[in-house]
Every structure is written in structure tokens, then in C-alpha cells.
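So the chains spell out like this:
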Amino acid sequence: MPGLQALPANSANDRGFEKRDPISASIREIRGKKMPVNFWRPFVFILAVIGSAGCGRPATLVETGNRTQVLHRSVGQDLQDLDPHLATSAADYNVLSALFEGLVAEDPVDLHPVPGLAASWDITDAGLSYTFHLRPEARWSNGDPVTAQDFANSFKRVLTPALAAPNAPALYLIRGAEEFHKGRESDFAKVGITVPDASTLRLTLTHASASFLAQLNQAVWFPVHLPSIEKHGSATDRANAWARPGKLVGNGPFQLEAWRTGQVIVAAKAPTYWDAATVRLAGIQFHTLEGVDVEERAFRAGQLHVTDALPAGKIDTYQKESPEQLRIDPLLSTYFYRLNTAKPALRSAAVRRALSLGIDRNAIVEKILRGGQLPARAFTPPGTAGYTFPVAATDHAAEVAAARKLLAEAGFPDGRGLPPVELLYNTSDNHRLIAEAIQEMWRRDLGVEVRLANQEFNSTLEARRTGTYDILRSSWSADYVDPASFLDIFRSDSGNNFTGWSNPEYDTALTAAARAATATERNALFLKAEALLLEAAPIIPIYHYTHVFVIRPEVKGWRPTLLDHHPYKAVWLEAAGK
Amino acid sequence: MLRFIARRLLETVPVLLIIVTATFFMIRFVPGGPFTSEKAVSPEVLRNLERAYHLDQPLWRQYTTYLGQVFRGDLGPSFKYPNRTVNEIIADKLPVSLELGGLALVVALGLGLPLGVLAAARRNTWLDYVASTTAMLGVCVPTFVLGPILVLLFAIHFHWFNASGWYGPADRVLPALTLGCVYAAYIARLTRGGMLEILGQDYIRTARAKGASELQIVLRHALRGGILPVVAFLGPATAGILTGSFVIETIFQVPGLGREFVNSAFNRDYTVILGTVLLYAAMIVLLNLVVDLVQVWLNPRLKFE
């Protein structure tokens, strides 16, 4: 069958249609040989389909992208919405940050707030009043100027209860915003947002906050263009389908060209953007690829410049074969267990601390995860906006000894007499492996028996809400680069605490930290709060995540930022050898 | 025949009503809700959300409202994708699933029927063994193994196709082939069995005695009866191909309804779950009806009753 052997040679991409002929020739050849017709026909058919479909294939997306400065990025899961006030997922943010820009922008290296739509700002009244001076040259993608009133309208939209914006409480920092959102105040003029003139926006806060500017980078603070939204329905109607190609008016470095749900979002450089001269990419295509294996295969097939993640099992292969494509970046995210302090077995802080000490975090990170994760002995990842909780470098044997001592002091020597405890995790291979390892560590070193239980994710969240768990696998990612984004969730008034633990001293320290004048003073207060948290141990930090992904060497300016945000105006493509 | 069809269609209504009702209440008793996430929303926001989607009303009221909507052809808004309606999602994704399913059916029949016929006609020869072994392999190798193997070979090694996506005609090949192969294997086995049974019948011997060629016997006399088991199988199989391609849709990142259906269950996107269940139920009922009609047409011994 000489004709068949000719097939696999068709991998060249650029030669186009001249490749078709050898295929049909090969089919003729096969037919000419008078093979038993019935037997060969299906095979010939398949080969013909494969061959004819395959050989006209143009260059891969990555190759074309390199030529035309179009970045192909995977955003993982399907997008929820391109309405910045309704979207909540990280995938949404990765697209929204290309289409919209807030008052401040993120520095491409460490994400600290830099001038965005506002060229400058004055902070007065001991940090209570922020006056933003907007760029007069800033434009929406339809050519309208971006005004201070646009921001005021947008914030009002977020705070309007009918819109049910999930992240509306982020705006509670503005004076009167909480009252308005909760319906206790109906006059929006009472909210601390004033517009002295078209390019000046003044925000009055409820209290001074050192992280305020950093928080402004969350999507919920992005402005939207009300007049164009209202063309398609009420601006506060969630079902208003304005965030679509042809309808969406943005103000970011890119504009929305196409959105094929579940597949790809196409954005092109916006000529109206005030800083268009800096933007080097001609476009970005955000690919929806659920499943890390699918992503990795698409990467290898030349469909992606950057993946969202990499399966843990592939890390070794990439390390060996193409280390230049593998990236392990730090990420402001912590994997931890919540302990239900209302349960009899976990009521004592000594027991909780013993369980925490009884975990050999290095073993988990090195033997199970193997993706450069950091063992976590504190909740806030080290180096968060200059803050690191000091953890004594003790060897695990000493930790176990301390744990056994604590257990004995709490009245449960060698775990004897401790009521049964269940460890609940959402169904996933990694969670299971970690839970099994920890179960064994506790059994072997502390004599504590725990039962493992797994449920589908949404069900574990229900167990968390109703407090019907003993120990629950959890994770937390920062919304902005600041220790408060971690520590605030265990305040007694936090909607994300779920452990039943509270400590007024902890709350006071964090409240004071938010209002602290200097960074030193702030960090001292964070240290105090975190020490209280770890002493009481309503949670067991296990490891700090890393962001493991693969990236083509042509992508430049993709820096290891802590939130996996990559301000796109600092990114470009450069094919090797140029 | 028309009366038969009309009666069957009428029977569909209560069936669908029961399915919708059961689904509506079952999903409400599943723990979790559409607005739960790792980062919990504040109680005010949750209240606002529930008000926006009328989830704050008593369950029976939500149920009657929903039924009223459905009768008007409105399946409601999605909770997970705020500015999309269920109608829109289905209109967007169903054609993709139908296209994939249709192509897979073509592959399944195009491979399965000839293979089965050939195996039966050349019973207990090497051809039969090759065909039967191939079919056995097809049954045993699951799509989530076959799919990635095809991708590794044809997308990553030869660069003939994209590894995933649903853009050009070429992107249809691998998913349709993967999905079709499994069903082709079943069809081949059923065809072989059906054909063997028919080939042993008296009227085939009569045809042989009258001097009909082997090809004539197989194609003209035996095939029509031989594929009856395949037709019976095709009803549920078509429904399965059209609805159950979740795995294929995930492996090849095909934006079809199967993935939407499974994800909606994880997301507790009540309206999307209900809408897709309703659609699938209707499709299965209709396909079964079509199968019954085809069976009567193929087998004169059957009558509409």
C-alpha cells in the first residue's frame, strides 16, 4: 500500500492545497488495486476525510499570532459575564481587565496601584478623602469622553439592590454606601461620592484605609458606560444583555470583537484608549478550555501561548523536556482546613493546635503536590505587600512532640477519649491524597482517628454554611495584594468565617490596621492579629498555592505577579531569532 | 398511522409534566444553591439575588410561575450567566450538539453497518474475526481514552487538526470520529447478529436456490430484516449521542449542550437544569416514536396499534 504511507507526511502547514493531489492519487491507487471493495471502503473513506480536512491547514494559531501580535491565552472555565459589576470569577477578571480600566491600574511587576484612568489623586482629611483627577483625553470605545460622572453612575449602579451585584460590599468603604445598599438610605446624594467637575471625582471614606487604592483594581470598581447600557434595557436589570459584542462599550486597552460562548472571546486593540501608543499587542483571544489536560494538549498543538494551569502529573515532563516553557509563579492563595469550633472534639484550642502541628507540610508539598508550593504555617502568604508572618523553622519531629504534649494537656493523651472527627473535602484527587496523608499522620503520630468524607463542591459549601462539618477543606485567594484580604475573613462579622471562632481583640487589631498611618504600624497590627488566629487555630493552614502553567517563549512581559494578573499593555510577542 | 402519532404525541404531555415537576422539586432539595461559592456573598447580596430571581417566593408559587413560563415557551434566565436566558443557551448550544451527534451517527452507521454485514457474510473467516475484534475493541475502549489518543496522534504529532475547539469543518472530524466509533462498534455487533439470524432463514435459502448472487442476497433480501435490532438500538442511541456527548464535548472543548447540562447541575443553575432536562426528555420521547414508525415500515409483520 504505497499510497497509504504517503499520508503522514502531510504535516507541513503552509503549502496549502497542492497537498490535496497526492491524497486523491493515493485513494485512486488503492482503488485501482482492486482490493475487496467492501473491506477497504470504510477505511478509504476515513483516510480521505482525514486527509482532505488535514492538509489545507494553515499555520497554527500561535504562529499566526506571533506574526500579527495576537496573544492566545486560555482562561480556563467558561466566562460568567462580561458585566464587570456582575462577574466574580478569576476568568472573568482576566478578560475584563483588557476591556475596562478603573481609576488606578496595576503595576505590571508587583501590581501596586499606578495611575489608570485617573492621572493623579490627592489624599486629604487624614486619609478620609480621595480626589481623583481623571485624564481628559480618556475615551470610551465609542468615542465618548470618560467622565467623573460615569464613575459616579457606575458606583450607584453597583450599590442599587435590584442589580444584586455580588461584590457590592467592596464599596462599603465609601461613606454612606452600606446604608444605601442595605436600603436604609434612599438618597444617593448622601453617599460620599461627589463630582466637582467632569474630570474630578471625590470619594469620602468611612475610615482611612491603606489598601484602598489597591482595592480599586477589582472589577466591581470599573466604570461602565450607562447611556449605552440603557439602550438595551434598564441598567440595573441583571438580564440586560448589553455585555455582548457590538453592544459593549468599554474603556480599556482592548475592545470586544467577538464572543463565542464556551469557546473564545476575541478582543482587539482599542484605538480610542488613552494610552494606545503603549499597547503593543494587536489583539488577545481568550480561549475557554475547561480541564487542564485539554488545555495542555491545545498548548502542544500550537493553539495557545499561555495556559491557565498545568496538570501536576506533567510538571516533571516539562521540567525535563522543555523547562523554558514551564512556569511556577507564586500566588496569593492558601489551602487550609477550617475547624468547626462548635464541635465537642474541636472546642479546645489546644486540640486544634495539636492537629495543626501534627501535619508534616513539607511531605505534602514535596511528595504529593510537587509544584513548588510553600508549606503554610501561617495563613497569609509570606511577602504579601511587604508583610511576612515569622514562623520558626522547626523540624517536624519537634512539632509532633509539641502536638502530643498539647493533646495530653487537653486531656486526650495519645488521642484517647477524643470524640470522633470527620474530615470533609470536595471530591478531587488532590484533596483526597492530601486528606489521606493527613489522616495517616494524625493516626500515626498523635493517635487521633479521623474519618474521611467527600462530597461534590456545592454540597461542601452547604455544609460550611450550615456548620454541619467538623473539619473542612477550604481555600482562599486574595482579591488585592494586602494581608487584610486574608485576615479579614476571620473577623467575627465576616461572612466567610464559618468556624464559629471570634475574638474581639483580633477584630480590634484589624480595624486599627485598616486605619494605621504607617506601614510599620500596620504590619505590627497584622502580626498581632495573625498570632491570635494561629494561637486559637480555628483553621489549619496547609500550603500556599503556586500558579503552575506553561507559556511559549515568544510571550514577553508575562511577569510572575501574585494574583496572576498581567496588565496587557505591558505584554507583547516576539518570535525567536528576530 | 396519523392517529397513532397523534395519540403518542398526546401521551407525551403528561410524561413531560411529570418529568418537569419531579426535576423542579428534586433540584431544590440538593444541598447548595446557585449563589454559593468559595467566597460567600453577603446576606444582603443573597437576599437581593433571591429577590431578582423570585427565589424568595414560596416554592409552590415558583413552581406555578415556572410552569406558566414554560407554556409560553420561556425557560427563564440563567442564574450562573446573568445576562443569558435558558432559551438563548439552548439556541446557542443545541445546534452544536446536533451537528456533532449527526456526524457521529453518520460515522457510526457508515462504519458499523458495513463492518457488521461483512462479518456476517464472511462468517468465521479472517474477515469476520478482524471485524468482530475491531468492534469488540470499539466497545471496550472508552471515549475518554480514544479521544486523547486521536488528539495525540493527529493534532499534536501530525498537526492535521486542532487539539480542541469548534471553528472550521476540520474541527468536526476528531470529535465525530471518537463519538461515532463507540456506537459503530455496537452497531457492527448488532448488525452481525441480526444478519446471521436472517441469513439462516428459509426465504434466504429460497433466494439462494433461485440463483441470486451472494451480493443480492445480502443487500436485497437480508439487510432489511437484519438491521431491525440496529433500528431498535438507534432510538436510545441517537438520544444518547445527542445528549450524552458530555465527555466528548469536554475532551475536544466542543461548545455543546451536553457540557452545559452537566455544568448546570454542578452550578445549581436551576433554570438551565430544568430547561435541558425538558428538552432531552422531549427528544427521547420523539426519537422513540420515530423508531417505532421506522420499525413498522421495515417490518411488515408489525402494525400500528
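The structure displayed is predicted, hence computed values, not measured ones.

Here is what the cut-offs are and how they apply
- Residues numbered from 1 in each chain as written.
- Chains lettered and ligands numbered in written order.
- Predicted model: local features only at pLDDT ≥ 70, side-chain atom pairs only at ≥ 80, totals over all residues.
- Heavy atoms only, no water.
- Helix = DSSP H or I, 4+ residues; strand = E, 2+ residues; numbered from the N terminus.
- Buried < 20%, exposed > 50% of the residue type's maximum accessible area, 1.4 Å probe, protein only.
- Contact = heavy atoms within 4.5 Å.
- Areas by Shrake-Rupley, 256 points an atom, 1.4 Å probe, with all protein chains shown as cover.
- Lys, Arg positive; Asp, Glu negative; His and termini not counted.
- Charge placed at Lys NZ, Arg CZ, Asp CG, Glu CD.
- Pairing = 2+ DSSP bridges.
- pLDDT = per-residue confidence, 0-100.
- Patch = residues over 30% accessible without salt bridge, like charges linked within 9 Å, V, L, I, M, F, W, Y side chains within 5 Å.
- Salt bridge = Lys/Arg side-chain N within 4 Å of Asp/Glu carboxyl O.
- Axes fitted to C-alpha atoms, helices over the stretch in contact; angles between N-to-C directions.
- Phe/Tyr/Trp six-rings, centres within 6.5 Å; stacked < 30°, edge-to-face > 60°.
- Lys NZ or Arg CZ within 6 Å of the ring centre and 35° of its normal.
- Domains from an automatic or database assignment.
- Buried area = accessible area lost by both parts, 1.4 Å probe.
- Core = buried A, V, L, I, M, F, W, Y, C linked by side-chain atoms within 4.5 Å.
- Polar contact = N/O pair within 3.5 Å; in protein donor to acceptor, adjacent residues only side chain to side chain.
- Parallel < 35°, antiparallel > 145°, perpendicular 65-115°, else oblique.
- Left-handed = near helix turned anticlockwise from the far one by under 90°.

## Some words on the overall build of chain B
- Along its length, chain B carries 13 helices and 0 strands.
- When the elements of chain B are put in sequence order from the N terminus, they spell out α-α-α-α-α-α-α-α-α-α-α-α-α.
- Viewed in the frame of its principal axes, chain B has a C-alpha envelope of about 85 × 55 × 30 Å.
- Taking all 305 residues of chain B together, 51% fall into the buried category.
- For chain B, contacts bridging at least 24 residues in sequence account for 74% of all contacts bridging at least 6.
- For chain B, the exposed area adds up to about 14200 Å²; of that, 68% sits on carbon and sulfur atoms.
- Here chain B contributes 26 positive and 19 negative side-chain charges, whose respective centroids are spaced 8 Å apart.

## Concerning the pairing of strand β6 (residues 193–197) of chain A
- The sheet contact formed by β6 of chain A and strand β7 (residues 200–204) of chain A spans 3 bridges and is antiparallel. Residue Thr194 of chain A lies in a different strand from β7 of chain A, and its bridge partner there is Arg202 of chain A.

## Structural notes on the confidence of the model for chain A
Residue and element names in this part refer to chain A.
- Predicted confidence across chain A gives a mean pLDDT of 88, with 90% of residues reaching 70 or more.
- Low pLDDT, under 50, characterises residues 1–40; the stretch is placed with 43 contacts to residues that sit more than four places away or in other chains.
- The low-confidence segment residues 50–55 (pLDDT under 50) makes 17 contacts with residues lying over four places distant or belonging to another chain.

## Overview of a nonpolar patch on the surface
- Together, Phe144, Val145, Ile149 and Val247 of chain B give the surface a local cluster of nonpolar side chains, amounting to about 330 Å² of exposed area.
- With 3 residues, the top contributor of residues to the nonpolar patch is helix α6 (residues 143–157) of chain B.

## A word on the environment of Pro161 of chain A
- On the secondary structure map, Pro161 of chain A appears in the loop between α6 (148–159) and α7 (177–181).
- Leaving out residues up to four positions away in the same chain, Pro161 of chain A has contacts with Phe180 and His181 of chain A together with Asn48 of chain B.

## Examining the sheet that holds strand β16 (residues 539–550) of chain A
Residues and elements named next belong to chain A.
- Strand order in the open sheet made by the 6 strands is β12-β16-β11-β15-β13-β14, with mixed pairing throughout. Two strands bound the open sheet, and with one partner strand each, they are β12 (374–375) and β14 (450–455).
- Bridge count for strand β11 (residues 326–339) against β16 is 10 bridges, and the pairing is antiparallel. For Thr334, the partnering residue across the bridge sits in β16 and is His544.
- Running over the sheet, helix α15 (residues 429–446) touches β11, β13 (421–426), β14, β15 (471–477) and β16 and is turned about 170 degrees from β14.

## Section: the packing of aromatic side chains
- Counting across every chain of the model gives 39 aromatic pairs over all chains.
- Seen from their ring centres, Tyr387 of chain A and Phe526 of chain A are 5.8 Å apart, and the 70 degrees between their planes marks the pair as edge-to-face. One end of the pair, Tyr387 of chain A, is in the loop between β12 and α14 (396–409); the other, Phe526 of chain A, is in helix α19 (residues 519–536), and 139 residues separate them in sequence. As far as the burial class goes, Tyr387 of chain A and Phe526 of chain A line up, both buried.
- Through pairs of rings, three or more aromatic residues link up here, namely Trp121, Tyr130, Phe132, Phe151, Phe155, Phe212 and Trp221 of chain A.
- Over the ring of Trp476 of chain A we find Lys39 of chain B; its NZ or CZ atom is 4.9 Å from the centre of that ring.
- Against the face of Trp166 of chain B rests Arg172 of chain B, its NZ or CZ located 4.2 Å from the ring centre.

## Points about the domain arrangement of chain A
All names here are of chain A.
- In terms of domain boundaries, chain A breaks down into domain 1 (37–97 + 234–328 + 548–573), domain 2 (101–228) and domain 3 (333–545).
- Put simply, the middle of domain 1 and the middle of domain 2, counted by C-alpha atoms, are 30 Å apart.
- Tallying the contact residues gives 32 residues for domain 1 and 37 residues for domain 2.
- Carbon and sulfur atoms supply 60% of the area that domain 1 and domain 2 bury against each other, a total of about 2900 Å² over both sides.
- It is His85, Asn251 and Trp274 in domain 1 that bury the most area against domain 2; as a group they hold 28% of the surface buried on that side.
- The tally of links from domain 1 across to domain 2 stands at 1 salt bridge.
- Here Asp83 makes a salt bridge to Arg157, at a shortest N to O gap of 2.6 Å.

## Notes on the sheet that holds strand β8 (residues 254–260) of chain A
All names here are of chain A.
- Across the sheet, which stays open at both edges, the 4 strands sit in the order β1-β10-β9-β8 with mixed pairing between neighbours. The sheet is open, and its two borders are formed by β1 (70–76) and β8, each paired with just one other strand. Within the sheet, the average angular offset between the axes of one strand and its neighbour, ignoring direction, is 20 degrees.

## Notes on the nonpolar core
- Membership of the largest hydrophobic core comes to 81 residues, with the highest contact counts inside it found for Leu82, Leu103, Phe132, Phe155, Leu203 and Trp221 of chain A.
- Viewed by domain, this core spans two of them, domain 1 (37–97 + 234–328 + 548–573) and domain 2 (101–228) of chain A, each represented by three or more residues.
- Counting 37 residues, the second-largest nonpolar core is a separate cluster that includes Val107, Leu150, Ile187 and Ile251 of chain B.

## With respect to unusual backbone geometry
- Even without a glycine there, the phi angle at Asp414 of chain A is positive, about 55 degrees.
- By secondary structure assignment, the location of Asp414 of chain A is in the loop between α14 and β13.
- For His159 of chain B, which is not glycine, the phi dihedral falls at a positive 60 degrees.
- With respect to the helices and strands, His159 of chain B occurs in the loop between α6 and α7 (173–199).

## Here's the deal with the side chain of Glu290 of chain A
- Turning to its location among the elements, Glu290 of chain A is positioned in the loop between β10 (283–288) and α10 (292–300).
- Buried within the structure, Glu290 of chain A lacks any salt-bridge partner; its nearest side chain of opposite charge belongs to Arg259 of chain B, at an N-O separation of 4.2 Å.
- At 3.1 Å, the side chain of Glu290 of chain A forms a polar contact with the side chain of Asn263 of chain B.
- Each residue touching Glu290 of chain A, except ones within four places of it in the same chain, is listed here: Gly76, Gln77 and Asp78 of chain A together with Thr250, Gln253, Arg259 and Asn263 of chain B.

## Structural notes on the domain arrangement of chain B
Residues and elements named next belong to chain B.
- Partitioning chain B into domains gives domain 1 (2–68) and domain 2 (86–298).
- Taking only C-alpha atoms, the centre of domain 1 and the centre of domain 2 are 33 Å apart.
- Listed per partner, the contact involves 19 residues of domain 1 and 17 residues of domain 2.
- Area buried by domain 1 at its contact with domain 2 is led by Arg8, Ile27 and Tyr66, which between them contribute 30% of it.

## Things to note about the packing of helix α12 (residues 349–357) of chain A against α14 of chain A
All names here are of chain A.
- Direction vectors running N to C along α12 and α14 enclose 160 degrees, while the axes themselves pass 8 Å from each other. Our classification of the angle between α12 and α14 gives roughly antiparallel. Pair α12 / α14 crosses with left-handed handedness. Contacts between α12 and α14 pair Ala350, Val351, Arg353, Ala354 and Leu357 from the former with His396, Glu399, Val400, Ala402, Ala403, Leu406 and Leu407 from the latter.

## A closer look at the pattern of salt bridges
All names here are of chain A.
- Considering all chains together, one arrives at 39 salt bridges over all chains under this definition.
- As a salt-bridge pair, Glu296 and Lys314 come within 3.8 Å of each other at their nearest N and O atoms. You can see Glu296 sitting in helix α10 and its partner Lys314 sitting in the loop between α10 and α11 (315–321), a full 18 residues away along the chain.
- When its relative accessible area of 2% is taken as the criterion, Glu296 is described as buried.
- Look at Lys314 and you get partly exposed, because its relative accessible area is 25%.
- Note that Asp329 is salt-bridged to Arg327, the shortest N-O span being 3.1 Å.

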